[in-house]
Amino acid sequence: MSDLFDNIIPLDPPFEPMAQGAVLLRGAALPFEKDVLAALNRIVAQSPFRHMVTPGGFTMSVAMTNCGAAGWVTDRSGYRYDRDDPETGRPWPAMPESFHELALSAASLAGYPGFRPDACLINRYEPGARLSLHQDKNERDLTNPIVSVSLGLPAIFQFGGLKRNDPIRKFALRHGDVAVWGGPSRLFYHGVPELKEGMHETVGRMRINLTFRGAL
Ligand code: SIN
Ligand code: FE2
């Protein structure tokens, strides 16, 4: 008699728990990859990547832009969300529908249904770029999760706790992976150490990170 489980092929677990309320969804962005990369090209044609300056006067190694009703910006006067791109003086490009579909799909897989972000921060890491440990806390409504999409070169994701010096766990982020954190881990410290040299077959010599938020 054939066994009921004969046809089940073991897969890598697509859900990797990171902390309470936080999960890594391996490859969850791959079905959206083509549309998202095409839309990204249209966004950066309107609001190009730029290296912003921190309130302390340091130029960030990660280049950034945004799309959506609001964009995250930093300059000498502080961190904030702004409806306009300070470089162009015009509103940030609208959030493409493919971005919405990806954010909604990943958030619901992670247990946060109905996520409709109004901001997407787009980070570009070239080899050597890094993002030091920080909390995402400039958003008004912290009941929304953060949905963070990795495309291109692999990176290490550092995920800590509510306090800067809490122990840190490290996760390898690859092309198509999506990290989602919310609820009890919404304000957990996180960062990305220096990106290693490399070349990705579709994205090139860089890593792109899309971070979706409910900001306004
Ligand atoms: C961020 O914290 O804004 C970006 C995280 C990442 O690049 O994975
Ligand atoms: Fe962040």
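Higher on the page you've got the structure.
Anyway, here's the lowdown on the structure attached to this text. Everything numeric in this text was worked out from a predicted model, so none of it was measured. All chains use their own residue numbering, which begins from 1 and follows the written sequence. The lettering of chains begins at A and the numbering of ligands begins at 1, in the order of writing. Two thresholds apply to this predicted model, a pLDDT of at least 70 for residue-level local features and 80 or more for giving and counting side-chain atom pairs, whereas whole-chain, interface and lining totals are computed over all residues. Values shown for side chains rest on all heavy atoms present in the structure; no hydrogens or waters enter the calculation.

On to the coordination of the iron ion (ligand 2). Surrounding the iron ion (ligand 2) are the protein donor atoms H134 (NE2), D136 (OD) and H190 (NE2), at 2.1 to 2.2 Å. In this structure, the iron ion (ligand 2) is surrounded by four donor atoms whose angles at the metal cover 90 to 173°, and the resulting shape is irregular. Donor atoms (N, O, S) are those found within 2.8 Å of the metal centre, with the cutoff raised to 3.2 Å for Na, K and Ca; water is not part of the atom list, so apparent gaps in a site can occur. When the donors of the iron ion (ligand 2) are listed by position in the chain, the intervening gaps give H-x1-D-x53-H. Of the two residues, D136 sits in the loop between β7 (131-134) and β8 (146-152) while H190 sits in strand β12 (residues 190-192), which places them 54 residues apart along the sequence. Angle rules define the geometry names used: all angles between 85 and 135 degrees makes four donors tetrahedral, while opposite donors over 155 degrees apart and all other angles between 65 and 115 make four donors square planar and six octahedral, leaving every other case irregular. By definition, any uninterrupted DSSP run of H or I lasting at least four residues is a helix, any uninterrupted run of E lasting at least two residues is a strand, and each is numbered from the N terminus.

Once that is clear, we can look at the sheet that holds strand β11 (residues 178-181). Paired strands, as defined in this entry, are two strands with at least two bridges between them according to DSSP. Read from one edge of the open sheet, seven strands run β1-β2-β11-β8-β13-β6-β3, paired in antiparallel fashion. On the outer flanks of this sheet lie β1 (15-19) and β3 (63-68), each paired with one strand and no other. Across the sheet, the mean angle separating the axes of adjacent strands is 20° when strand polarity is ignored. The pairing of strand β6 (residues 119-125) with strand β13 (residues 207-213) spans seven bridges and is classified as antiparallel. For every element, the axis is a line fit to its C-alpha atoms; helices are fit only across the contacting stretch, and the angle between N-to-C directions ranges from 0 to 180 degrees.

This part covers the side chain of R213. Topologically, R213 is positioned in strand β13. Under the rule applied, a polar contact is a pair of N or O atoms within 3.5 Å (in protein, one hydrogen donor and one hydrogen acceptor; residues adjacent in sequence only if both atoms are side-chain atoms). Only 3.0 Å separates the side chain of R213 from the side chain of E139, close enough to count as a polar contact. A polar contact of 3.4 Å, which involves the side chain of R213, links it to the backbone oxygen of T211.

This part takes up the site of ligand 1. One heavy atom within 4 Å of a molecule or strand is enough for the residue carrying it to be called near that molecule or strand. In the region of ligand 1, the neighbouring residues are N123, Y125, L131, H134, S148, H190, V192, R207, N209, T211 and R213. At a separation of 3.3 Å, an oxygen atom of ligand 1 approaches a polar side-chain atom of N209. Throughout, the Shrake-Rupley method with a 1.4 Å probe supplies accessible areas, and for residues the shown protein chains are the sole cover considered. For ligand 1, whose free accessible area comes to 260 Å², the fraction covered by protein is 99%. Only β6, β7, β12 and β13 provide two or more residues apiece to the shell around ligand 1. The element that contributes the greatest number of residues to the shell around ligand 1 is β13, accounting for four residues. Gly falls in the polar group here, along with every residue not listed as nonpolar (Ala, Val, Leu, Ile, Met, Phe, Trp, Tyr, Cys, Pro) or charged (Asp, Glu, Lys, Arg). When the residues that make up the shell around ligand 1 are grouped by side-chain class, the tally is three nonpolar, six polar and two charged.

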